[in-house]
Amino acid sequence: MGKLAWLVCAGLMGATVLAQQTGAKPGSPAEAIAAAGPQGATQDARPAHPITPAQVQEMMRLTGAANLQKQMLDTMLPYLKQSMPPYMPDDVMNDFEAKMAQFDMEPMILKSYQAHLSTEDAAQIIAFYKTPAGRRLIVAMPLVMKEMQQGGAEMGQQIMQQVVEQHRTEIEDAQKKYLQGHPAAAPKN
């Protein structure tokens with residue numbers, strides 16, 4: 001069952017990434033925003049005047065995103081540790097964590113921002129972040145994102161349980177067939 005849980009987790013993470021990469025629903029506000037594109041850019045082209053490194057640093061300072069790498073690592077590690085086999089030596093995860101902490105994300109962040117935001121966009125975003133509403137948004141967004149992730153994970157888990165239960169006989173038959181062809185994979189009692 002541990003392998004099934006790992007596969008379910010991997011599938012849900014993959015589905016989340018795929019969902020984020022697919023286009024917005026026709027007529028939705030997200031589609032309208034995406035269709036407008038950043039100032040000075042089209043959907044397929046970089047902005048004519050990309051955001052400057054100083055603007056990226058200012059946005060990161062205002063939003064607290066300077067801690068992004070640590071937040072990502074803190075979020076990712078528990079899931080990664082759960083997905084590892086129980087015999088994985090602690091040294092492997094400790095080494096991974098140390099190497100990730102040393103990784104310089106700034107060039108990657110700058111490249112991504114410059115591919116999508118213009119200097120004009122950045123000036124307006126920075127100005128907004130400095131308003132009372134912008135500051136409230138900055139405080140609220142991590143909480144909103146956490147709630148959305150938790151809700152999505154719970155929903156995905158419930159749906160997966162329903163689907164697995166509906167296909168239980170099919171899954172058990174597939175497992176039996178697999179184990180007949182791969183006796184070394186059979187659980188040891």
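Shown above is the structure to which this text applies.
*Asks:* Can you tell me about the packing of helix H3 (residues 53-63) against helix H7 (residues 119-129), naming the residues and giving the values?
*Replies:* Where H3 meets H7, the closest approach of the two axes is 10 Å, and the angle between their N-to-C directions is 25°. Judged on the interaxial angle alone, H7 and H3 are roughly parallel. Here H3 runs over H7; the crossing is left-handed. Between H3, through Gln55, Glu58, Met59, Leu62 and Thr63, and H7, the contact on the second element is made entirely by Thr119, Ala122, Ala123, Ile125, Ile126 and Tyr129.

*Asks:* Describe the nonpolar core, and please don't skip the residues or the numbers.
*Replies:* Core analysis: the largest hydrophobic core is formed by 10 residues, namely Ile51, Val56, Met59, Met60, Ala65, Met105, Ile109, Leu117, Ala122 and Ile126. Sorting the residues of this core by element identifies H3 and H7 as the ones contributing at least two each. Here the element with the most residues in this core is H3; it accounts for 3 residues.

*Asks:* Quick rundown of a nonpolar patch on the surface? Include the residues and the values.
*Replies:* On the surface, a cluster of nonpolar side chains totalling about 490 Å² of accessible area is made up of Phe128, Leu137, Met141, Val144, Met145 and Met148. With respect to the helices and strands, the residue Met148 is situated in helix H8 (residues 132-166). For Met148, a relative accessible area of 52% corresponds to the exposed category.

*Asks:* Explain the environment of Pro53 residue by residue, including any values.
*Replies:* If you trace the backbone, Pro53 turns up in helix H3. Accessibility expressed as a relative area gives 43% for Pro53, which makes it partly exposed. Considering only alpha carbons, one finds Pro53 and Tyr113, 60 residues apart in sequence, at a separation of 9.2 Å. Aside from chain neighbours lying at most four places away, what touches Pro53 is Leu110 and Gln114.

The rules behind the values
- Residues numbered from 1 in each chain as written.
- Predicted model: local features only at pLDDT ≥ 70, side-chain atom pairs only at ≥ 80, totals over all residues.
- Heavy atoms only, no water.
- Axes fitted to C-alpha atoms, helices over the stretch in contact; angles between N-to-C directions.
- Helix = DSSP H or I, 4+ residues; strand = E, 2+ residues; numbered from the N terminus.
- Parallel < 35°, antiparallel > 145°, perpendicular 65-115°, else oblique.
- Left-handed = near helix turned anticlockwise from the far one by under 90°.
- Contact = heavy atoms within 4.5 Å.
- Core = buried A, V, L, I, M, F, W, Y, C linked by side-chain atoms within 4.5 Å.
- Buried < 20%, exposed > 50% of the residue type's maximum accessible area, 1.4 Å probe, protein only.
- Patch = residues over 30% accessible without salt bridge, like charges linked within 9 Å, V, L, I, M, F, W, Y side chains within 5 Å.
- Areas by Shrake-Rupley, 256 points an atom, 1.4 Å probe, with all protein chains shown as cover.
- Salt bridge = Lys/Arg side-chain N within 4 Å of Asp/Glu carboxyl O.

Everything listed here is a matter of geometry and, on its own, says nothing about what the molecule does.
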